[in-house]
Amino acid sequence: MITLSAAEARRLAVASQGFGARPAKPAIEHLRQLASRIHAFQIDSVNVLARAHYVSPFARLGAYPVSALDQLAYEKRELFEYWGHAACLLPVSLYPLFRYRMDKHREWTEKFMRSPRGAYMAKAYAEVAERGPISASELSNGGKRSGNWWGWSIGKKTMEHLFDTGLVAIANRRGFERLYDLPERVIPKAAREAPVPNREAAMKELILLSARAQGVGTAEDLRTYFYIDGWSDRGGPVPWRWTRQRGRTKPIASRLFAELVESGKLVPTKVAGWKEIAYSLPGLKVPKAVEAAAFVTPFDSLVWDRARLKRLFGMDYTIEIYTPMAKRKYGYYVFPFVLGDKIVARCDLKADRERGTLMVRSAHLEPGHDARRAIPAMARELETMRNWLELESIEVASRGALGAKLRRAV
């Protein structure tokens, strides 16, 4: 068993997530390497500063060309959209590993589309085959938006189900709207025809990729990076919306971890202060230091797991987007600030594009950290972010203990 101090685990986690010295001139090759290292850029609709999948590479690489990410995904087809940790851009090399998730409902869906009840879905699928890439709103009979929380039309629900099953893929986006097409016109042939591991073998490979991306983690840390053996994975062959049966198969993650340890692919690891046993890959090398100064979005893979965040950094963190304004403690869209191997502050950031201004609506120091060390690094990173977003100025509000000091620094 390996033993790590809390500081070693923290440095390992930050470095494994791709933070460190930035390239002098970030380019598409650096983005490609980052994608192969952390495996997922989460996509989210919130555009207060910039879309989350664009900001995550910026946090690690600095001012890279945003067009490079779209180029990798929608032109070179080296990344594809699917459900990794929520909706993500994933390296296309992972496509065979997610086939078990796609194929779970595929047989039922193909049979359903041959039945009278499935006539609408079959027609929508045929329309994608004929006209794709198209959005759900461009279907000839897409239906009206419903009144539920998502507001999805029958056309959108249908296209999303076909996407879940891998019968259609995301060819591009128009703004933030998904454009659907057949996989053979989106996913490279080599990925589509690659050998597909069985469900348990794929899950194990994804757990190992999670261990590589996180450095060290508990079973729950490693499992939830890709939601392995979660609610969706344990569903039956019939989609839950189409059956009265709500049961799930029994979890198998514990057995998978035991088998990975027995085979020597995972090593049990004890981290000081952690109640649970952790796991890491063989040949672990802990960096002596990590050179990082970055604002990370609430949807960055470094902060996906709030329990892990608390364990590693001592940070209590909640997204307050859905919290009524009067009850928000830190702000609407709050970015933790990573400095070295610690999270030292948090800021509520917004890009006011009409005024050309990067707004810091609040700035708070995390307990136990030194404002004199944090502020200069935060000011430099805000200036880098302003340039990257092509804004003209930075405006810092007084809210939060760091507000006034940060305003003077920028």
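The structure we're discussing is the one just above.
Residues numbered from 1 in each chain as written. Predicted model: local features only at pLDDT ≥ 70, side-chain atom pairs only at ≥ 80, totals over all residues. Heavy atoms only, no water.

Please clarify how the pattern of salt bridges should be interpreted in this entry.
Pairing between side chains of opposite charge can happen when the charged atoms of each approach one another. Following the criterion strictly, the structure yields 30 salt bridges and no others. Ionic pairing is found between Arg32 and Glu29, a salt bridge with its closest N-O pair at 2.5 Å. With Arg32 and Glu29 both in helix H2 (residues 28–38) and three residues apart, the pair spans about one turn of that helix. Residue Glu29 is classed as partly exposed on the basis of its relative accessible area, which comes to 37%. (Salt bridge = Lys/Arg side-chain N within 4 Å of Asp/Glu carboxyl O. Helix = DSSP H or I, 4+ residues; strand = E, 2+ residues; numbered from the N terminus. Buried < 20%, exposed > 50% of the residue type's maximum accessible area, 1.4 Å probe, protein only.)

Just to check I follow, could you spell out the sheet that holds strand S10 (residues 293–295) for this structure?
The pairing of strands in a sheet happens through backbone hydrogen bonds and is either parallel or antiparallel. One open sheet holds the five strands; their spatial order is S10-S11-S12-S13-S14, and the pairing between them is mixed. Of all strands in the sheet, those with a lone pairing partner are S10 and strand S14 (393–396), marking the two edges. On average, each strand axis in the sheet is inclined to that of its neighbour by 30°, with strand direction left out of account. Two elements, S10 and strand S11 (residues 334–339), share three bridges in a ladder whose sense is antiparallel. If you follow Ala294 over to S11, its bridge partner there is Val338. Contacts from helix H14 (residues 371–388) reach S10, S11, strand S12 (342–352), strand S13 (357–365) and S14 within the one sheet, and its direction differs from that of S11 by about 115°. (Pairing = 2+ DSSP bridges. Axes fitted to C-alpha atoms, helices over the stretch in contact; angles between N-to-C directions. Contact = heavy atoms within 4.5 Å.)

Mind showing me how you'd approach the packing of helix H6 (residues 106–113) against helix H7 (residues 119–131) here?
Two quantities define a packed helix pair, namely the angle between the axes and the distance from one axis to the other. Running from N to C, H6 and H7 point in directions that differ by 100°, and their axes come no closer than 7 Å. When the axes of H6 and H7 are compared, the pair comes out roughly perpendicular. Contacts between H6 and H7 involve Thr109, Phe112 and Met113 on the former and, on the latter, Met121, Ala122 and Tyr125. Here the contact of H6 with H7 is composed, by residue class, of five nonpolar, one polar and no charged. (Parallel < 35°, antiparallel > 145°, perpendicular 65-115°, else oblique. Nonpolar A, V, L, I, M, F, W, Y, C, P; charged D, E, K, R; others polar.)

Help me understand helix H10 (residues 199–214), please; the structure alone is not making it clear to me.
Because an α-helix completes one turn every 3.6 residues, residues spaced three or four positions apart along the sequence face the same direction. With 16 residues, H10 should cover 22 Å at 1.5 Å per step; its first-to-last C-alpha distance of 22 Å lies within 8% of that length. Listed as buried for H10 are Ala202, Met203, Leu206, Ile207, Leu208, Leu209, Ser210, Ala211, Ala213 and Gln214. Those residues of H10 hidden inside the fold are in contact with helix H1 (6–16), H2, helix H5 (99–103), helix H11 (219–224), helix H12 (253–262) and helix H13 (306–313). You can read the cap of H10 off the contacts: a side-chain oxygen lies 3.2 Å from the backbone nitrogen of Glu200, and it is on Asn198. Where H10 ends, the next residue or the one after it, Gly215, has phi of about 85°, a positive value. (Expected span 1.5 Å × (residues − 1). Polar contact = N/O pair within 3.5 Å; in protein donor to acceptor, adjacent residues only side chain to side chain.)

Help me understand the nonpolar core in this model?
Nonpolar side chains in soluble globular proteins generally cluster together in the buried interior. Of all hydrophobic cores here, the largest spans 106 residues; its most connected members are Phe226 and Leu406. Ranked by residue count, the leading element in this core is H14, at nine residues. When near neighbours in sequence (up to four residues on either side) are disregarded, Phe226 contacts His39, Ala40, Gly84, His85, Leu90, Leu94, Phe98, Arg101, Leu206, Leu209 and Ser210. Ranked by size, the runner-up nonpolar core spans 27 residues in total, among them Leu4, Trp274, Ala278 and Val296. (Core = buried A, V, L, I, M, F, W, Y, C linked by side-chain atoms within 4.5 Å.)

Help me out: how do you make sense of the sheet that holds strand S3 (residues 79–84) in this one?
What the three strands build is an open sheet, ordered S2-S4-S3; its pairing is antiparallel. Every other strand in the sheet has two partners, leaving strand S2 (41–42) and S3 as the edge strands with one partner each. Looking at chain direction, S2 and strand S4 (residues 86–91) are connected through two bridges and run antiparallel. Opposite Phe41, over in S4, you have Leu89 as the bridge partner.

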